[in-house]
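This is what each chain is made of:
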Amino acid sequence: MSLSRSQSLRTAAVVEDCSLQLDMLGHSLHVKASRPRGTLAAQERRRLTVLRRECQRMSELMSEMHLELQEKQTFSCLQPVVEEEEQKKKEEEMKRELEDELGRRGQALKRQKDELQHMCEELRERTSLCSHLKSELMRQKSKLDGKKTAEQSSTEQKVQQTQRETCQAETLLRDELKRLETQLKEEMRSHEFVMKFLQEEQQELQQKKQQLQRRSEQMLQEKKKQLEDVCRKRTSNLDRLTEMRTKFQEMEQVVLEDREEQEKERLLQAEARAATKLQAWWRGCTVRRGLGSFKEAHGHKKRQKAAKKKKK
């Protein structure tokens, strides 16, 4: 949008003042950042350097805007900067949303991983229990064999009973071992299924991210087109407004001129009426007092009146 010469000069003065203040602020930040290492922390130093760079960038932008205002009476160089800042804000918002989503997914995966680790630990405990029971069984067998060798004189009923007990214990332990092995296989299959499901979820998230990026680009293009349409409409409205203002000024000038003419005509009429009254008054005075051309007629009338009085 183009400005008038006075507006561009005032704006250029304000922009130049802002640029000088930003230069002074950047210089003061540079002085603070260049102090000895013991006085400032590393984080504070980094913050000061970032602020100084921002001040330098804003000062360069203000100088470019100052030159453009002086040469072209416009400030179109701000539009790409504003669009870039809006794009950065949108990207940061999308990045924060994706990071939050990934964080929630990561927490869910971590919980599932902890559950799987807990189940694996339970399986390890059960396998260790099975091994302990096997060792206990072997120890019992060795004891029984020792007892058999030491107590060969004992009755056959006790031997058969112990054998039956050991057989039952062996069958129970074998069944328990088989059950634990099948449970371990099922857990491994569920673990593989969960890993596959998580990989598919990650791929879907990547696809959603790409779709969101494409959608944001399309929306940005549409908003740019809408902004261009609004700018065109605004310029056309400004042109119409200037035309209407010129027409209004012309009409106002015509009305003022008409009023002045009417006032002049009224004054002339008033002067003419006053002159007519003044002439009538003067003629009346000259007639009554016999001044000027009416002097002889007035003397003749006086003589006639005097003659009539004498006759009487």
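Everything discussed here concerns the structure shown above.
Residues numbered from 1 in each chain as written. Predicted model: local features only at pLDDT ≥ 70, side-chain atom pairs only at ≥ 80, totals over all residues. Heavy atoms only, no water.

(A) View of the overall build of the protein. Across its full length, the protein holds 5 helices and 0 strands. Listing every helix and strand of the protein by position from the N terminus yields α-α-α-α-α. For the protein, long-range pairs separated by at least 24 residues make up 65% of all intrachain contacts whose partners lie at least 6 apart in sequence. Taken as a whole, the protein presents about 26800 Å² of accessible surface, with 54% of it coming from carbon and sulfur. (Helix = DSSP H or I, 4+ residues; strand = E, 2+ residues; numbered from the N terminus. Contact = heavy atoms within 4.5 Å. Areas by Shrake-Rupley, 256 points an atom, 1.4 Å probe, with all protein chains shown as cover.)

(B) Region of the structure containing the packing of aromatic side chains. Throughout the structure, instances matching the rule amount to 1 aromatic pair. Aromatic side chains tryptophan 281 and tryptophan 282 sit 6.5 Å apart centroid to centroid with 45° between the ring planes, which places their arrangement in the tilted category. For tryptophan 281, a relative accessible area of 52% puts it in the exposed group. (Phe/Tyr/Trp six-rings, centres within 6.5 Å; stacked < 30°, edge-to-face > 60°. Buried < 20%, exposed > 50% of the residue type's maximum accessible area, 1.4 Å probe, protein only.)

(C) Structural view of the pattern of salt bridges. Counted by the stated rule, this structure contains 8 salt bridges. Ionic pairing is found between arginine 105 and glutamate 101, a salt bridge with its closest N-O pair at 3.5 Å. Linking arginine 105 with glutamate 101, this pair stays in helix 3 (residues 78-150), spanning 4 residues, or about one helical turn. By relative accessible area, glutamate 101 is classed as partly exposed at 27%. Close ionic contact of arginine 266 with glutamate 263 constitutes a salt bridge, the shortest N to O distance being 2.3 Å. With arginine 266 and glutamate 263 both in helix 4 (residues 156-289) and 3 residues apart, the pair spans about one turn of that helix. Residue classification places arginine 266 among the partly exposed residues on the basis of a relative accessible area of 46%. Overall, glutamate 263 belongs to the partly exposed group, its relative accessible area being 37%. Connected via shared salt-bridge partners are Glu101, Arg104, Arg105 and Glu201. (Salt bridge = Lys/Arg side-chain N within 4 Å of Asp/Glu carboxyl O.)

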